[in-house]
Amino acid sequence: MILMSIENRIGPPVEGKDFYGRKKELEIANRLLDSGHSLLLSAPRRIGKSSLAKRLIEDKKAQGWKCVYIDLEQTTTEDGFLNLIIEHFERNHIWRQITDGMLQGAKAILDRINKISIGPVGLDLSSPEKKEDLYKSLKELIRHDEETFIVVDELTLFLGVLLRSDGGEEKVSFILNWLRSLRQVAGTRVRWLFCGSVGLKNFTASLNLSYAINDLTDFRLDELTPEEARGLMKGLCQGEGMDMDEESIIYALEKLHWNIPYFIQILFSKLRDNYTGAVSKEDIDTAYRQLCSESYLNTWSERLVEYREMERPARLILNGLSARKSGLRRETLLGILMTGQDPSHAGETDLLLSKVLEMLENDGYLLRKGSVRSFRSPLLRDYWYGKFVQ
Ligand SMILES: Nc1ncnc2c1ncn2[C@@H]1O[C@H](COP(=O)(O)OP(=O)(O)OP(=O)(O)O)[C@@H](O)[C@H]1O
Ligand SMILES: [Mg+2]
């Protein structure tokens with residue numbers, strides 16, 4: 001095997017030669033896209049969704065497809081959503097040219113889109129009729145006759161924010177239905193990939209909107225294969241000219257247990273900062289301990305804000321589980337949530353527990369074996385214990 005050198009990147013999605021592995025996933029995703037499927041990638045935080053999406057864009061560009069990457073984390077409003085779409089579609093030539101048969105409203109909008117370099121397109125969403133017309137015109141304007149790949153990142157996050165705004169439920173439903181209608185244009189050659197860190201499925205189900213995404217093919221992303229995990233660690237060492245033998249690499253990966261690229265990258269960055277010569281097991285233990293007490297993993301705590309009224313029970317559960325390597329049974333977790341509560345709330349709390357556990361599983365915090373839940377990642381567990389319990 002040729003040893004690749006990979007640069008240590010922690011935070012933003014990795015691109016180009018810093019993207020490592022995911023061979024199988026890329027193969028499957030490419031095959032699905034080629035055969036006309038649109039995909040839903042809803043996977044835990046920091047798994048590498050955006051990186052994979054960007055890599056797929058590189059693949060498709062190389063095949064001559066038009067590609068668009070829209071990150072909805074940049075906006076919180078419907079107007080912002082539409083302007084992002086308009087701008088990115090304009091930049092990547094997804095809009096049609098004006099033709100004679102085109103609807104008057106669509107023509108007028110296209111006229112404004114063509115002048116987008118001057119500033120954002122003013123959109124009139126003031127009445128339901130105007131809004132309907134606008135979305136209809138935009139739909140009419142999209143080219144469907146060329147191979148096109150559109151990635152919409154952080155869809156769930158955006159819809160969650162939108163839901164909390166005035167008339168949120170209707171806005172969310174409108175957008176999901178509109179996106180669905182775009183995928184249903186006969187003979188379309190446009191394929192979509194939607195990414196979200198929180199379960200979009202739970203979200204749509206709770207709003208009775210499951211049908212609006214049921215044409216999407218589920219796409220899963222999890223930890224790296226053992227070979228890829230080793231390859232990533234080796235490549236990073238190579239990039240820094242560091243000496244870390246096979247045994248130490250295996251020791252480090254076993255210590256992480258859940259080998260998502262992000263955890264490998266942050267552990268590596270500590271090893272590099274402390275490096276004085278061939279990496280030893282003690283060096284790995286030290287780096288691991290440092291990670292537990294630093295801020296790299298804060299995002300796992302911060303993102304719990306998205307759980308809203310379920311944030312508190314989620315934290316109680318995580319606190320309880322962080323003290324127990326082997327995990328806890330569901331009854332025990334229910335007991336934790338019931339502490340100090342009136343026994344008459346037991347039914348309600350039981351339901352809440354089910355919801356919270358499902359979300360924590362979906363988001364990669366927890367693992368379930370029968371009725372026992374435990375932290376999926378020892379690193380996250382030790383971090384959590386040190387930060388919130390000890
Ligand atoms: N294929 C990869 N090769 C190397 N490093 C990777 C890869 N995928 C992810 N990473 C590492 O994980 C980090 C997070 O990746 P990325 O932003 O793609 O994840 P994400 O799932 O989109 O995260 P979020 O849930 O925060 O949006 C990167 O900064 C990088 O350190
Ligand atoms: Mg991302």
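A. The arrangement of the overall build of the protein in detail. Counting secondary structure elements, the protein contains 17 helices and eight strands. Relative to its length of 390 residues, the protein is compact, with a C-alpha radius of gyration of 23 Å against a globular reference of 21 Å. Across the 390 residues that make up the protein, the buried fraction comes to 49%. In the protein, once contacts between residues fewer than 6 apart in sequence are set aside, the share between residues at least 24 apart is 75%. Within the structure as shown, the protein displays about 18500 Å² of accessible surface, and the carbon and sulfur contribution to it stands at 49%.

B. Looking closely at the side chain of E228. The residue E228 is located in helix α9 (residues 226-240) in this model. One buried charge, E228, has no salt-bridge partner; the nearest side chain with opposite charge is R22, at 5.4 Å. Those residues in contact with E228, other than ones at most four positions away along the chain, are Y20, G21, R22 and K23.

C. The domain arrangement of the protein, seen in detail. When cut into domains, the protein gives domain 1 (22-219), domain 2 (226-293) and domain 3 (309-389). Placing a centre on the C-alpha atoms of domain 1 and another on those of domain 2 gives a separation of 38 Å. Facing the six residues of domain 1 at the interface are five residues of domain 2. Approximately 450 Å² of surface area, both sides summed, lies buried where domain 1 meets domain 2, with 59% of it carried by carbon and sulfur atoms. By residue class, the composition of the side of domain 1 that touches domain 2 is two nonpolar, no polar and four charged.

D. Structural view of the packing of aromatic side chains. Going through the model one piece at a time under the given rule, you end up with 12 aromatic pairs. On the numbers, 5.1 Å between centres and 80° between planes, the contact of Y135 with W178 is edge-to-face. Linking Y135 in helix α5 (residues 128-141) with W178 in helix α7 (residues 168-183), this pair joins segments that are 43 residues apart in sequence. The two residues Y135 and W178 agree in class, both being buried. Taken together through their ring pairs, the aromatic side chains of F81, Y135, F158, F174 and W178 make up a single cluster. Above the face of the W65 ring, K60 is positioned so that its terminal group lies 4.6 Å from the ring centre. Here the guanidinium or amino end of R315 rests over the ring plane of F388, the centre of that ring lying 5.5 Å away.

E. Summary view of the site of ligand 1. Every one of the 21 residues lining ligand 1 counts as a neighbour, but R9, P12, R45, K49 and S51 are closest to it. Contacts to ligand 1 include R9, whose backbone N or O atom sits 2.4 Å from an oxygen atom. Here an oxygen atom of ligand 1 and a side-chain polar atom of S50 are 2.8 Å apart. Across the complex, the protein chains shield 97% of the 630 Å² of accessible surface that ligand 1 would expose by itself. Here the shell around ligand 1 spans two domains, since at least three of its residues come from each of domain 1 (22-219) and domain 2 (226-293).

F. Structural detail: helix α11 (residues 261-274). Here α11 spans 20 Å end to end across 14 residues, near enough to the 20 Å set by a 1.5 Å rise per residue. A large share of α11 lies buried, amounting to 11 of its 14 residues. Tucked into the core, α11 has its buried residues touching α9, α10 (246-256), α12 (281-293), α13 (298-302) and α17 (378-389).

G. Looking closely at the sheet that holds strand β8 (residues 372-375). Sheet architecture is open: three strands sit in the order β6-β8-β7, paired in antiparallel fashion. Edge strands, defined here as strands with exactly one partner in the open sheet, are β6 (328-329) and β7 (366-369). Pairing geometry for β7 and β8, over four bridges, is antiparallel. Of the residues in β8, the one forming a bridge with K369 is V372. Contacting β6, β7 and β8, helix α14 (residues 311-322) runs over the sheet at an angle of about 85° to β8.

H. Highlighting the pattern of salt bridges. The final tally for this structure, using the stated rule, is 34 salt bridges. Here D34 ties to K60 by a salt bridge, and the two come within 2.7 Å at their closest N and O atoms. One end of the pair, D34, is in helix α1 (residues 23-34); the other, K60, is in helix α2 (residues 49-62), with 26 residues separating them in the sequence. A residue is classified by how much of its surface remains accessible, and K60, at 0% relative accessible area, is buried. Residue R303 pairs with E306 through a salt bridge whose shortest N-O separation is 3.4 Å. What makes R303 buried here is its relative accessible area of 15%.

About the criteria used
- Residues numbered from 1 in each chain as written.
- Chains lettered and ligands numbered in written order.
- Predicted model: local features only at pLDDT ≥ 70, side-chain atom pairs only at ≥ 80, totals over all residues.
- Heavy atoms only, no water.
- Helix = DSSP H or I, 4+ residues; strand = E, 2+ residues; numbered from the N terminus.
- Rg over C-alpha atoms; globule rule 2.2 N^0.38 Å.
- Buried < 20%, exposed > 50% of the residue type's maximum accessible area, 1.4 Å probe, protein only.
- Contact = heavy atoms within 4.5 Å.
- Areas by Shrake-Rupley, 256 points an atom, 1.4 Å probe, with all protein chains shown as cover.
- Lys, Arg positive; Asp, Glu negative; His and termini not counted.
- Salt bridge = Lys/Arg side-chain N within 4 Å of Asp/Glu carboxyl O.
- Domains from an automatic or database assignment.
- Buried area = accessible area lost by both parts, 1.4 Å probe.
- Nonpolar A, V, L, I, M, F, W, Y, C, P; charged D, E, K, R; others polar.
- Phe/Tyr/Trp six-rings, centres within 6.5 Å; stacked < 30°, edge-to-face > 60°.
- Lys NZ or Arg CZ within 6 Å of the ring centre and 35° of its normal.
- Near = heavy atom within 4 Å.
- Polar contact = N/O pair within 3.5 Å; in protein donor to acceptor, adjacent residues only side chain to side chain.
- Expected span 1.5 Å × (residues − 1).
- Pairing = 2+ DSSP bridges.
- Axes fitted to C-alpha atoms, helices over the stretch in contact; angles between N-to-C directions.

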